Number of protein chains: 2
Amino acid sequence: VSSLEAVEPAPAGELGSQFLAEIREQPRALEGLLSHAGEFARVAALARERDTRLVRMVGHGSSDNAASYGVYAFGLLPRLTALRDSISLTVYYGSELDLAGSLVIGLSQSGRTPDVVEYVARARRAGALTVAVTNDPASDLAEAAEALLPLGAGEERAVAATKTYLNTLAALVLLAAHLAGEGARCEDDLRRVVEQLDGVIPELEGRMPEVALPFSFVGRMFVIGRGVELATAREVALKLLETCRVAAEPLTATDLAHGPVAALDPFFPVWAIATQDETLPAVLEATARVSETGATLVASGSAAGEIARPDYVLPVPRPPAPLLSPLLSVVPGQLFAWALARAKRLDPDRPSGLSKVTFAR
Amino acid sequence: VSSLEAVEPAPAGELGSQFLAEIREQPRALEGLLSHAGEFARVAALARERDTRLVRMVGHGSSDNAASYGVYAFGLLPRLTALRDSISLTVYYGSELDLAGSLVIGLSQSGRTPDVVEYVARARRAGALTVAVTNDPASDLAEAAEALLPLGAGEERAVAATKTYLNTLAALVLLAAHLAGEGARCEDDLRRVVEQLDGVIPELEGRMPEVALPFSFVGRMFVIGRGVELATAREVALKLLETCRVAAEPLTATDLAHGPVAALDPFFPVWAIATQDETLPAVLEATARVSETGATLVASGSAAGEIARPDYVLPVPRPPAPLLSPLLSVVPGQLFAWALARAKRLDPDRPSGLSKVTFAR
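What comes next is a walk through the structure. (Residues numbered from 1 in each chain as written. Chains lettered and ligands numbered in written order. Predicted model: local features only at pLDDT ≥ 70, side-chain atom pairs only at ≥ 80, totals over all residues. Heavy atoms only, no water.)

Turning next to the environment of Ser 216 of chain A. Residue and element names in this part refer to chain A. Looking at the secondary structure, you find Ser 216 in the loop between α9 (183–212) and β6 (220–225). Sequence separation between Ser 216 and Lys 344 is 128 residues, and the spatial gap between their C-alpha atoms is 5.9 Å. Once you skip the residues sitting within four places of it in the chain, Ser 216 turns out to touch Leu 340, Ala 343 and Lys 344. (Helix = DSSP H or I, 4+ residues; strand = E, 2+ residues; numbered from the N terminus. Contact = heavy atoms within 4.5 Å.)

Here it is as structure tokens:
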């Protein structure tokens, strides 16, 4: 007969302290962006002068995730088609597309992503209106573009982006709102989101270590969203990949049914983002299918409470406009990644094999 | 001391026989598409008449994967911007975008995917030129669109698409080539691809059960490609998810470096597609980073032999034009999925929880 002693786990120390600090800083970072509101109005006026008919966004990683949101911000406010343009078509294959009437938005926190800078430089030479959205107004990207929209998030040091992602969402929606003549209202709404973030971040942070603990040995997850929340699904999956080494795949609620649902089983958790908008029925239908497989279901978002039979519920407040939901619904995912990385004794400030600025082709 | 007896594994029986039959049928299916070549010329003429400036593609699952290829086919041949348009923006949010000058291509094997049909119907009412690319010329999608391009693949019965995916690639490149005035050359090139498929399919089929066996307990993989091969990466990942229950995530070679590389370890294999074109240096750089992590590396594609330190090499022939590479490079992935599903005693003809036609929102 053996006697069991309680063994204290090794102290997690400072693992992820920078990452957490920057998650907490997000309301202040968003205020930083709003202090540049005049520049958004000016760039929107320039885009109208230049007869913008198509918005082309380019970026990698979190910047590209934010661009998924831009598709909806530009589509719903000024009713412009916006696309995450192929960088390789222009930069590697040298295809010279007609860029008349194109507003090109280069997205890079560091402003140093080589092929984004190269794409923007080529687009500018081809006559497009080019705008850099970056946290470094002195960067190559800012230099390459005709106009600059600074993220104003303050220096970001953790390798995994948080406040610059949030501010990129805000930059895209604020520019879109100004293009639609609704800039002032959007600014007011974003100030209300600052207050909501101030409330929800500490509340979720307190709960998260307990929520994350049972996921310590999870190797794979799906993260599902639809419409405006596809960006959130992509960003939460990326946080889990880079900080927690979880093979997390983002899917639209609909794409889940087109194949991936076959892979689910009780050891394959699903993180669902539900928002109170026109996509909610599709998300509820998808989560019902997830429940049937026995997979563990985490419900998050402003409509988390509408998901049937969730194992965990991580709600966020309803923003003043449904389009702003992704600025809140990413927070549970960021904090979950922080808590899960710590539970796994990984350091989300310094994931192995990554550096803050990615120069990879 | 115990004596070990050789235990015969349970016979796999007919697992995946339909899936394999349809993989083998692909050269004939492609000939089936080519028998409709005149229709492609007519739709291209119509698109020129209607002053096409933007191509909007909509589809889910394998059809959406093929649309990733369409971005390059239209971008490189007629130099038109093509995008995988947001279905939810139009169908759920009701955003009424300006569709003047848009060629809308609805992609659905069955022609019955509800939100694709709905998107096409709305786009047609809004004045876009709408084209259905479907394997069922009597389907709702064919009915909803102004013009029809039949896939001509013959009935597909396995739940996981193979020959209809290949024919959707061919349909997109053939339409793009006709728009660029290069239809006849493209047809000739596709006939050469038929011959190359006839050679490579049996060769790879013979090797694949031995290659797949060591992957029997793999739970997650990355599949990387770049440029024209992003479509292949997405399609191979989807086959692994739906037939083998492997959490396979498609990534561009560049996006791998923007976070996901941190998740790699020796138990996280990477499938890389390398093609002899302008994206090859980016793919080689990414696979070098994969090798550093100790992850098992499968090299496929027409430039598989250029990848350093692969664990497995699954080359395909070089097609007459580099743009056609994805019609060949998907084959190793399809056959690997077939062999791995059998090794895992799963039936790729009938993955659990899936049906051939997906009606999910």
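What follows continues from the structure just given.
Attention now goes to the interface of chain B and chain A. If you look at the interface, chain B gives 67 residues, while chain A gives 66 residues. With both chains or domains summed, chain B and chain A bury close to 5,500 Å², and 55% of this area falls on carbon and sulfur atoms. Run the count over chain B and chain A and you get 2 salt bridges. In this structure, the salt-bridge partner of Asp 115 of chain B is Arg 226 of chain A, at a minimum N-O distance of 3.7 Å. Inspection of the chain B/chain A interface yields 24 residue pairs in polar contact (both at pLDDT 80 or more). In terms of residue count, helix α4 (residues 61–76) of chain B provides more of the side of chain B that touches chain A than any other element does, 5 residues in total. Of the residues in the side of chain B that touches chain A, the class split is 32 nonpolar, 18 polar and 17 charged. (Buried area = accessible area lost by both parts, 1.4 Å probe. Salt bridge = Lys/Arg side-chain N within 4 Å of Asp/Glu carboxyl O. Polar contact = N/O pair within 3.5 Å; in protein donor to acceptor, adjacent residues only side chain to side chain. Nonpolar A, V, L, I, M, F, W, Y, C, P; charged D, E, K, R; others polar.)

What follows deals with the layout of surface pockets. Leftover empty space is mapped by rolling, across the atoms, a probe with the size of a water molecule. Looking at the largest pocket, its volume works out to about 470 Å³. Within the residue set of the lining of the largest pocket, elements represented by two or more residues are β1 (54–58) of chain A together with β1 (54–58) of chain B. A class-by-class count of the residues in the lining of the largest pocket yields 7 nonpolar, 6 polar and 8 charged. Counted as a void, the second largest pocket has a volume near 390 Å³. Looking at the second largest pocket, it is lined by 17 residues, and the ones nearest its centre are Leu 76, Leu 77, Ala 321, Pro 322 and Leu 323 of chain A. Counting only elements with at least two residues in the lining of the second largest pocket, the list comes to α8 (163–179) and α9 of chain A. (1 Å grid on protein atoms, 1.4 Å probe; cavity = no way out; pocket = protein on both sides within 12 Å on 5 of 7 lines; lining within 4 Å. Points joined across faces, edges and corners; volume = space filled by probe spheres on them.)

Looking now at the pairing of β1 of chain A. Residues and elements named next belong to chain A. Of all the 5 residues making up β1, 5 are buried; the element is thus mostly covered by neighbouring parts of the structure. What you see with β1 is no split at all: Leu 54, Arg 56 and Val 58 on one side and Val 55 and Met 57 on the other are buried throughout. As paired strands, β1 and strand β2 (residues 81–84) are joined by 4 bridges and run parallel to one another. Within the sheet, the bridge partner assigned to Val 55 lies in β2 and is Ala 82. Regarding topology, helix α4 (residues 61–76) serves as the crossover connection from β1 to the parallel β2, and that connection is right-handed. (Buried < 20%, exposed > 50% of the residue type's maximum accessible area, 1.4 Å probe, protein only. Pairing = 2+ DSSP bridges. Right-handed = clockwise from strand over helix to strand, strands pointing away.)

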